[in-house]
Amino acid sequence: MGAGAPRNPHALPTKTCPVCGRAFVWRKKWERDWPTVIYCSERCRRNPPRALARGPKGGAS
Ligand SMILES: [Zn+2]
């Protein structure tokens, strides 16, 4: 039996999270934000990869 990639029953769009590298599926809560959704979860969103880590922080200069 060679089932390749698992199919999702609703054929929802998927993206790959740059942080954990896992694919995630469209969710209802992203209905309006899907084009701008990058990370699979809030957790990954807070831990962006270095390449994307722009520090909006640094206020003390
Ligand atoms: Zn992730």
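What you see is a predicted model; the values in this text were computed from it and never measured.

Each value, and the rule that gives it
Residues numbered from 1 in each chain as written. Predicted model: local features only at pLDDT ≥ 70, side-chain atom pairs only at ≥ 80, totals over all residues. Helix = DSSP H or I, 4+ residues; strand = E, 2+ residues; numbered from the N terminus. Contact = placed C-beta atoms within 7 Å.

**A few points about the overall build of the protein**
And then number 1: Along its length, the protein carries 1 helix and 2 strands.
And then number 2: Secondary structure elements in the protein, listed N-terminal to C-terminal, are β-β-α.
And then number 3: Put simply, of all contacts in the protein between residues at least 6 apart along the chain, 27% involve residues at least 24 apart.

**Comments concerning the environment of Trp26**
And then number 1: In this fold, Trp26 is placed in the loop between β2 (23–25) and α1 (42–45).
And then number 2: If we skip the residues at most four places from it in the chain, Trp26 touches Leu12, Pro13 and Trp34.

**Quick word on the environment of Thr14**
And then number 1: For Thr14, the location among the structural elements is in strand β1 (residues 14–16).
And then number 2: With 20 residues separating them in the primary sequence, Thr14 and Trp34 have C-alpha atoms 9.7 Å apart.

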